[in-house]
Amino acid sequence: MKVSDEQIRAVAAELRGQGARVTGARVRRELDARFGARGGVAHIYRVLREAPPVATAEVAALQEALAKARQRSELAEEREDAHQLLWAKEVDGLRQRVKELEHAQAEAMRWQDAYQRMAIELRAAEMRMARLERERVGEAPGL
């Protein structure tokens, strides 16, 4: 009995699915056990070489997907780093602005205190001038 290419591929795929190493001798033993025919050595090796095994194609697809996922991850990390840097600069700028405003507020309070003291002193001086003016007018001869 002749073993078909499909039977060889099916046995090889099943061995791969089981995690077994696929060798020509192993495939021939399995073919003999299942179909009572081992197949020719050249035929078996030709079929195994012709088409990449399904697992290899799956591995290649998974590797490609992994590479794309890594690229997306790296791009996301770059974006996140840029975002973090942007916000770090923004926060630092805001902190500097708060310091400036706190300093300006303290300066404004000092000026306000000085203004209030001067206003009190001015009012006191005006009251003293008015009193002195009254006294001088009251002392003036002939009035």
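Small disclaimer: the values here were computed from a predicted structure and weren't measured.

(A) Representation of the overall build of the protein. In terms of helices and strands, the protein carries four helices and zero strands. Taken from the N to the C terminus, the helices and strands of the protein come in the order α-α-α-α. Relative to the 2.2 N^0.38 estimate, which gives 15 Å for 143 residues, the radius of gyration of the protein is 48 Å and therefore markedly larger than a compact globule would have. When its C-alpha atoms are laid out on the principal axes, the protein stretches across 155 × 20 × 15 Å. Per-residue burial over the protein gives 12% buried out of 143 residues. Put simply, the protein shows about 11,700 Å² of open surface, and 57% of that area lies on carbon and sulfur atoms. Here the protein carries 26 positive and 24 negative side-chain charges, and the mean point of each set is 10 Å from the other.

(B) Layout of helix α3 (residues 41–50). Burial in α3 covers these residues: H43, I44, V47 and L48. Seen from one end, α3 has its buried residues packed into an arc of 125 degrees, which puts them on one side. Away from its buried face, by an angle of more than 90 degrees, α3 presents the exposed residues A42 and R49. Those residues of α3 that are buried lie in contact with α1 (5–17) and α2 (24–35).

(C) How the structure looks around α2. For α2, built from twelve residues, the straight-helix expectation of 16 Å at 1.5 Å per residue is met to within 8% by its first-to-last C-alpha distance of 16 Å. Looking only at α2, the buried set comprises G24, V27, R28 and L31. Looking straight down α2, one finds that the buried residues subtend no more than 100 degrees of arc, so they occupy a single side. Tucked into the core, α2 has its buried residues touching α1 and α3. G36 sits one or two positions beyond α2 and adopts a positive phi of about 75 degrees.

About the thresholds
- Residues numbered from 1 in each chain as written.
- Predicted model: local features only at pLDDT ≥ 70, side-chain atom pairs only at ≥ 80, totals over all residues.
- Heavy atoms only, no water.
- Helix = DSSP H or I, 4+ residues; strand = E, 2+ residues; numbered from the N terminus.
- Rg over C-alpha atoms; globule rule 2.2 N^0.38 Å.
- Buried < 20%, exposed > 50% of the residue type's maximum accessible area, 1.4 Å probe, protein only.
- Areas by Shrake-Rupley, 256 points an atom, 1.4 Å probe, with all protein chains shown as cover.
- Lys, Arg positive; Asp, Glu negative; His and termini not counted.
- Charge placed at Lys NZ, Arg CZ, Asp CG, Glu CD.
- Arc of directions from axis to C-beta.
- Contact = heavy atoms within 4.5 Å.
- Expected span 1.5 Å × (residues − 1).

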